[in-house]
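Descriptive structure summary
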Amino acid sequence: FNPNCRQQDVYDIAVMPIIESVLEGFNGTILAYGQTSSGKTHTMLGPDIDNEEQKGIIPRMVGGIFSKIETAPEEVEFTVKVSFIEIYNEKIRDLLDPKKNNLKVHESKEEGVYVKDMTESYVGGEDEVFSLLKVGNENRSIGSTDMNKQSSRSHSCFIL
């Protein structure tokens, strides 16, 4: 994508096919990777998740999923839950309950790969997800670098 690309264009081209697969029962992952100050947070969250033009991939994804749920046949049931963790200095911390520090990754045949004791909050709509997203963001580890005064010092995983 070029620097003039709109948030909506990134979502439509790169993310919407993944969201459609998730709603068909597949797991999906959207990953932003790059050096400090390259635009990862801008792409994933956007400068303002409440602004339709500026919101990033995650708020658009949440809106897209709940829109599809609302229009699904009545006999189809959905369960939606949110988790938000960060990996910082090789430790996993729960951003929804920061007292949960140094969590461990496990794997089982039933659950696949998972983070033991990670908070999973059941949600019924966009507002609940955005509230948890804001709480988690406020709990992220940040620090200053030469390239970015308020750079996050961690990798975060928002799980819906």
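Residues numbered from 1 in each chain as written. Predicted model: local features only at pLDDT ≥ 70, side-chain atom pairs only at ≥ 80, totals over all residues. Heavy atoms only, no water.

**Quick word on the side chain of K55**
Quick note on the threshold: To qualify as a helix, a DSSP run of H or I must reach at least 4 residues; to qualify as a strand, a run of E must reach at least 2; elements of each kind are numbered from the N terminus. Definition of a polar contact: a pair of N or O atoms within 3.5 Å, with one able to donate and the other able to accept a hydrogen when the atoms are protein atoms, and with sequence-neighbouring residues admitted only if both atoms are side-chain atoms. Only heavy atoms enter the contact rule, under which two residues are in contact if any of them lie within 4.5 Å.
Structurally, K55 is set in the loop between α2 (40-44) and α3 (57-71). A distance of 3.1 Å separates a polar atom in the side chain of K55 from a polar atom in the side chain of E52. Setting aside its immediate chain neighbours within four residues, K55 contacts Q7, L45, G46, D48, I49 and R60.

**Quick notes on the packing of aromatic side chains**
Two aromatic rings, taken as a pair, are described by how far apart their centres are and by the angle between their planes. Operational definition: Centres within 6.5 Å make a pair out of two Phe, Tyr or Trp rings, where for Trp the six-membered ring is used; the pair is then stacked when the planes are under 30 degrees apart, edge-to-face when over 60, and tilted otherwise. Only protein chains enter the area calculation, which uses a 1.4 Å probe; residues under 20% of their type maximum are buried, those over 50% are exposed, and those in between are partly exposed.
Enumeration according to the criterion identifies 1 aromatic pair in this entry. Taken together, a centroid distance of 5.4 Å and an interplanar angle of 90° make the contact between F84 and F158 edge-to-face. In this pair, F84 is assigned in strand β1 (residues 81-88) and F158 in strand β9 (residues 155-159), connecting sequence segments 74 residues apart. Just as F84 is buried, F158 falls in that class too.

**Focus on α3**
Where we set the bar: Multiply 1.5 Å by the residue count of a helix minus one, and that product is the helix's expected span.
The end-to-end C-alpha distance of α3, which contains 15 residues, comes to 21 Å, matching closely the 21 Å that a straight helix rising 1.5 Å per residue would cover. Here α3 has its buried residues at I57, I58, P59, R60, M61, V62, G63, G64, I65 and F66. Looking at the buried side of α3, the elements it contacts are α1 (7-23), α2, α4 (126-138) and β9.

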